Amino acid sequence: MAGHEIPEPADRKRQVADPTVTPRAAEETRHACDPAFRHGVVVGFDGSTSSERALAYAIGMAHRSGSGLIIVHVANRLPTTVWAGCEPPVFVDVPDHRTEVLGLELACAEYLAEVPWILVERGGDICHELEEVGREYSADAIVVGSTHGLVGRIFGSVAGRLARRAQRPVIVIP
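Remember, predicted model here, so these are calculated numbers, not experimental data. (Residues numbered from 1 in each chain as written. Predicted model: local features only at pLDDT ≥ 70, side-chain atom pairs only at ≥ 80, totals over all residues. Heavy atoms only, no water.)

Time to look at the overall build of the chain. Within the chain, the secondary structure is distributed over six helices and seven strands. Secondary structure of the chain in N-to-C order comes out as α-β-α-β-β-β-α-β-α-β-α-α-β. The buried share of the chain, reckoned over its 174 residues, is 35%. For the chain, the accessible area works out to roughly 11900 Å², and carbon and sulfur atoms hold 57% of it. (Helix = DSSP H or I, 4+ residues; strand = E, 2+ residues; numbered from the N terminus. Buried < 20%, exposed > 50% of the residue type's maximum accessible area, 1.4 Å probe, protein only. Areas by Shrake-Rupley, 256 points an atom, 1.4 Å probe, with all protein chains shown as cover.)

Structure below.
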């Protein structure tokens, strides 16, 4: 039946992507952060003495600037295989119940009543995750405690690595 076109029923028509529309960036597809915490203060917290001092400083800084406090706990990641030079190691997130414990402790802390705060859990490299959270929230600063001990001297401290690579001010509390 040349020259005769059978129309397709309306319910069977397929949507064709509009080539003039650009696809959404990966950043737009992620859920947006709470606007109350935009331009807040990011603080790395793991419950250690130095992170408690950093938290105390960050609370004061957020209170003085009238902004929110984004408390970040980075869970540990361990390699599942030993790297033999052939393939890069694969990392898995180790179940870390410390975030739940830290969250409960922070929720009961009276000193956090002065500022709005949230607790963000991440897994991976501490420096990368702190900077990533800082970028997501357009943080004015990242506050971390200094590392004391042999591990920090051998592998480099989180504060030192973060200060070298961060795109926003890093405040290191001794």
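Back to the text.
Glancing now at the packing of helix H4 (residues 126-136) against helix H6 (residues 158-165). For the pair H4 and H6, the least separation of the axes is 9 Å and the interaxial angle reads 50°. Classified by the interaxial angle, the pair formed by H4 and H6 is oblique. When the axes of H4 and H6 are compared, the crossing they make is right-handed. Contacts from Ile-126, Cys-127, His-128, Leu-130 and Glu-131 of H4 reach H6 at Val-158, Arg-161, Leu-162 and Arg-165. For the contact of H4 with H6, the per-class residue count stands at five nonpolar, one polar and three charged. (Axes fitted to C-alpha atoms, helices over the stretch in contact; angles between N-to-C directions. Parallel < 35°, antiparallel > 145°, perpendicular 65-115°, else oblique. Left-handed = near helix turned anticlockwise from the far one by under 90°. Contact = heavy atoms within 4.5 Å. Nonpolar A, V, L, I, M, F, W, Y, C, P; charged D, E, K, R; others polar.)

What follows concerns the nonpolar core. Formed by 19 residues in total, the largest nonpolar core has its most connected members in Val-41, Val-43, Leu-55, Leu-69, Ile-71, Leu-112 and Val-143. Those elements that provide at least two residues to this core are strand S1 (41-44), helix H2 (49-65), strand S2 (69-75), helix H3 (98-108) and strand S6 (141-145). No other element matches H2, which puts six residues into this core. (Core = buried A, V, L, I, M, F, W, Y, C linked by side-chain atoms within 4.5 Å.)

When you tally the buried positions in H4, you get eight out of eleven residues, the bulk of the element. Among the residues making up H4, those that are buried are Cys-127, Glu-129, Leu-130, Glu-131, Glu-132, Val-133, Gly-134 and Glu-136.

This part is about the side chain of Ser-50. Take Ser-50: it is sitting in helix H2. A polar atom in the side chain of Ser-50 sits 3.3 Å from the backbone oxygen of Ser-146. (Polar contact = N/O pair within 3.5 Å; in protein donor to acceptor, adjacent residues only side chain to side chain.)

Take the pairing of S6 next. Across the five residues of S6, five count as buried, placing the element largely inside the fold. Neither face of S6 is exposed, since Ala-141, Val-143 and Gly-145 on one face and Ile-142 and Val-144 on the opposite face are all buried. Here three bridges tie S1 to S6, and the two strands are oriented parallel to one another. Note on S6: the bridge partner recorded for Val-43 is Val-143. (Pairing = 2+ DSSP bridges.)

Mapped onto the elements, Ser-138 comes out in the loop between H4 and S6. In the structure, Ser-138 is positioned 96 residues away from Val-42 in sequence and 9.6 Å away in space, judged by C-alpha atoms. In this structure, Ser-138 is in contact with Arg-38, His-39 and Arg-168, ignoring residues within four places of it in sequence.

The next point concerns unusual backbone geometry. A positive phi angle is found at His-39, which is not glycine, with a value near 65°. Note on placement: His-39 falls in the loop between helix H1 (26-29) and S1. For His-39, a relative accessible area of 44% translates into the label partly exposed. Positive phi outside glycine occurs at Ser-138, with the angle close to 50°.

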